[in-house]
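Here's the letter readout for the chains.
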Amino acid sequence: RPRNPWQRNLLKDELGLLGKYGLRNKRELHRAATELSRIRSQARQLLAAPTEIRVSRELILLNSLTNKGIVSQGSTLDDILALNVSSILDRRLQTVVLRKQLARTPHQSRQLITHGHIIINDRRITIPSYIVNQNEEGKIKSMIEIEIDKPEDSEEKNVKESSDIEEEKTDEKNKTAVQKAVLNEKDAKSETKETTKNE
């Protein structure tokens, strides 16, 4: 858990990450933060270590992180120290499934994983927090086909909805105009009747 859990900015950032990545509770977020702190502590230890130890262990750490997709190829220990919690959360299976457009929302992605509809290398994964390696990312498949709206389709829908709204507005204006004309005719008839009675 964080050292100062009741800071307003920290609570706001945590709620934003929970909604963005579809996490079930803050415990999952704290686990990712713990994993990040462990990686960064290893990088700091290597920076303070002698050159002989640093050269041998630095490659191991960088290769493992590049295989997981947390850092890019050719990164250094300074790049590891610049990581944040989003770098870990982006490699979760739940996030990767959403990014590959196999689900509409993060919550639907989590549901597909927990129900056993996501397969990696013909192996069923039911853990949303599973860290996906780069060589596994292209082998993720869903056993259920979900239709996802394309941005072009959404634009067409918005245009249709706006045109329908404009048509409804014009119809309402025409109806009000007709009602006013009918009322004016009734008023004119009543006035003529009153004048004839008075005569």
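Everything discussed here concerns the structure shown above.
If you're wondering where the values come from, they're calculated on a predicted model, not measured in any experiment. Along each chain, residue indices are assigned from 1 in the same order as the chain's sequence is written. Only residues with pLDDT of 70 or above have their local features reported here, since the model is predicted, and side-chain atom pairs are shown and tallied only from 80 upward, although totals for entire chains, interfaces and linings are computed over all residues. The basis for the side-chain values is all heavy atoms of the structure; hydrogens and waters are excluded.

Asks: What is the right way to look at the sheet that holds strand β2 (residues 123-124) in this model?
Replies: Strand-to-strand pairing in sheets goes through backbone hydrogen bonds, with the strands running parallel or antiparallel. The rule for pairing is simple: two strands pair if DSSP sees at least two bridges between them. Here a helix means four or more residues in a row that DSSP labels H or I, a strand means two or more in a row labelled E, and each is numbered from the N terminus. Read from one edge to the other, the open sheet built from three strands follows the order β2-β1-β3, with strand pairing classed as antiparallel. Edge positions in the sheet fall to β2 and β3 (140-142), since each of these pairs with one other strand and no more. As defined by bridge partners, strand β1 (residues 118-120) adjoins β3 across three bridges and the pair is classed as antiparallel. Directly across from Ile119, in β3, lies its bridge partner Lys141.

Asks: Got a minute to help me understand the environment of Arg1 in this structure?
Replies: Mapped onto the elements of the fold, Arg1 is located in the segment before α1 (8-21). The classification of residues rests on relative accessible area computed with a 1.4 Å probe and restricted to protein chains. Under 20% of the type maximum is buried, over 50% is exposed, and intermediate values are partly exposed. What makes Arg1 exposed here is its relative accessible area of 87%. Taking C-alpha positions, Arg1 is 5.9 Å from His30, a pair spaced 29 residues apart along the chain.

Asks: In this structure, what is going on with helix α2 (residues 26-48)? I would like to understand it.
Replies: Counting along an α-helix, one turn takes 3.6 residues, and residues three or four places apart therefore face a common direction. Here α2 spans 33 Å end to end across 23 residues, near enough to the 33 Å set by a 1.5 Å rise per residue. Residues of α2 that are buried: Glu28, Leu29, Ala32, Leu36, Ile39, Ala43 and Leu46. Any pair of residues with heavy atoms lying within 4.5 Å of one another is described as a contacting pair. The secondary structure elements touched by the buried residues of α2 are α1, α3 (51-68), α4 (77-81), α5 (85-89) and α7 (106-114). For a helix, the expected span equals 1.5 Å multiplied by the number of residues minus one.

Asks: Would you mind going over the packing of α2 against α3 with me for this structure?
Replies: Between α2 and α3, the shortest axis-to-axis distance is 10 Å and the interhelical angle comes to 155°. Between α2 and α3, the angle falls in the class roughly antiparallel. By crossing handedness, the relation of α2 to α3 is classed as left-handed. Residues Ile39, Gln42, Ala43, Leu46 and Leu47 of α2 pack against Arg54, Arg57, Glu58, Leu61 and Leu65 of α3. Under the scheme applied, nonpolar residues are Ala, Val, Leu, Ile, Met, Phe, Trp, Tyr, Cys and Pro; charged residues are Asp, Glu, Lys and Arg; polar residues are all the others, including Gly. Residues belonging to the contact of α2 with α3 are distributed by class as follows: six nonpolar, one polar and three charged. Only the stretch in contact is used when fitting a helix axis, every axis being a line fitted to C-alpha atoms; angles between N-to-C directions are given from 0 to 180 degrees. When an angle is under 35 degrees it counts as roughly parallel; over 145 it counts as roughly antiparallel; between 65 and 115 it counts as roughly perpendicular; any other value is oblique. Working rule for handedness: look at the near helix, and if it is turned counterclockwise from the far one by less than a right angle, call the crossing left-handed; if clockwise, right-handed.

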